[in-house]
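Descriptive analysis of the structure
Letter by letter, the chains look like this.
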Amino acid sequence: MQNARDEVLGPASDSYGLLPSYCHVLKKNNPGSVTKIMKDSENRYVSCSLPVIVVDGTFLKEKHGGILFVACAKDGNNGIFPLAFGVGESENNEAWEWFFTSLKEAIGGHEELCIVSDRHLSIANAIKIVYPKAHHGICMHHLKENLIKRYMVVGLHDLFFKAARAYRHSEFEKYMSEMSSLNPKIKDYLLEIGPGRWARCLYPRRRYNIQTSNIAESINSAVKEAREHPILKLLDELRKTFQNLFLERSKLAASIFYPVTTWAHKEMRDKLEKANCMEVCIF
């Protein structure tokens, strides 16, 4: 199987040797693109590369393995907006620090920046170094999975999501108390992590309703087949996939005559319709 793949796509090791040329052509034909290649002391490749950024890492399935790092956000039309990709040997402190440093060089920083991810320790360590002023939010789905594994209690699943999604602090405290009645250690565990990292009503900054890392995982799913290719083929598949996506969106944007995006227009229209059905009471 591996020999057949090499015959079609070329040896995986040869693909790494072509990276500098590929990156040069990519930047030449796509002005504004940012690429960065890092090598170790033995000249071996180490890695290749809106206010809320979601990051995630997923395994590559080709011969040499590795990790595909993804950073993305949401655009004004509530669509997934890929910001950066990187390839590293593993999810360790050095790899994540390199990825965040490259990301910062490409897009800069933001005073109100919030980065959402799972609870991988290397991500947290890298954020503290590269984006020390950013707020690091936790994906509530990943936290929920850890919580359920640690405390297998009936009803915990629903109570946690109610606490995480609550808009009012009083509602949050109510659900936290109910979880504590199931097992006092549950509340202690969640407070130790920091509710401001996962509970909507306690976010220190705007997260624009992004409470999970789902959008990054959606990108990982979209490039599932590409993750089986040698690195050069992988990068080219990523380029083609998202260039086509941006082309479709640019055509859509050109056809819009509203002062806002189609998603925002629909949101305002739907909320206005609901508001017109409400009765204002004077106390």
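You'll find the structure just up there.
I will try to describe carefully the structure that is included in this document. What you are looking at is a predicted structure, and each value in this text was computed from that prediction instead of being measured.

Things to note about the overall build of the protein chain
For the protein chain, the helix and strand inventory stands at 12 helices and 7 strands. Across the 283 residues in the protein chain, those meeting the buried criterion constitute 40%. Of the accessible surface of the protein chain, which amounts to about 16500 Å², a share of 54% is contributed by carbon and sulfur atoms.

Looking at the side chain of arginine 205
By the secondary structure assignment, arginine 205 is in the loop between helix 9 (184-193) and helix 10 (214-222). The side chain of arginine 205 sits in the buried core without any salt bridge; glutamate 112 is the nearest counter-charge, 4.1 Å away. Polar contacts involving the side chain of arginine 205 include one to the main-chain carbonyl oxygen of leucine 113, which spans 2.8 Å. Look past the residues within four positions of arginine 205 in its chain and what remains in contact with it is Glu111, Glu112, Leu113, Lys133, Ala134 and His135.

A few points about the nonpolar core
Generally speaking, soluble globular proteins have nonpolar side chains that are buried together. Ranked by internal contacts, the top residues of the largest apolar core, which has 22 residues, are Leu143, Leu147, Phe160, Met179, Leu190 and Trp198. Per-element tally for this core: the top contributor is helix 7 (residues 156-165), with 6 residues. For leucine 147, the contacting residues outside a window of four places in its chain are Leu156, Phe160, Ile186, Tyr189 and Leu190.

Digging into the environment of asparagine 93
Its location among the elements puts asparagine 93 in helix 4 (residues 93-107). For asparagine 93, a relative accessible area of 39% gives the class partly exposed. With residues up to four places along the chain from it excluded, the contact list for asparagine 93 reads Ser122 and Asn125. A polar contact of 3.2 Å, which involves the side chain of asparagine 93, links it to the side chain of asparagine 125.

Procedures and definitions
Residues numbered from 1 in each chain as written. Predicted model: local features only at pLDDT ≥ 70, side-chain atom pairs only at ≥ 80, totals over all residues. Heavy atoms only, no water. Helix = DSSP H or I, 4+ residues; strand = E, 2+ residues; numbered from the N terminus. Buried < 20%, exposed > 50% of the residue type's maximum accessible area, 1.4 Å probe, protein only. Areas by Shrake-Rupley, 256 points an atom, 1.4 Å probe, with all protein chains shown as cover. Lys, Arg positive; Asp, Glu negative; His and termini not counted. Salt bridge = Lys/Arg side-chain N within 4 Å of Asp/Glu carboxyl O. Polar contact = N/O pair within 3.5 Å; in protein donor to acceptor, adjacent residues only side chain to side chain. Contact = heavy atoms within 4.5 Å. Core = buried A, V, L, I, M, F, W, Y, C linked by side-chain atoms within 4.5 Å.

The analysis is restricted to geometry; functional conclusions fall outside its scope.
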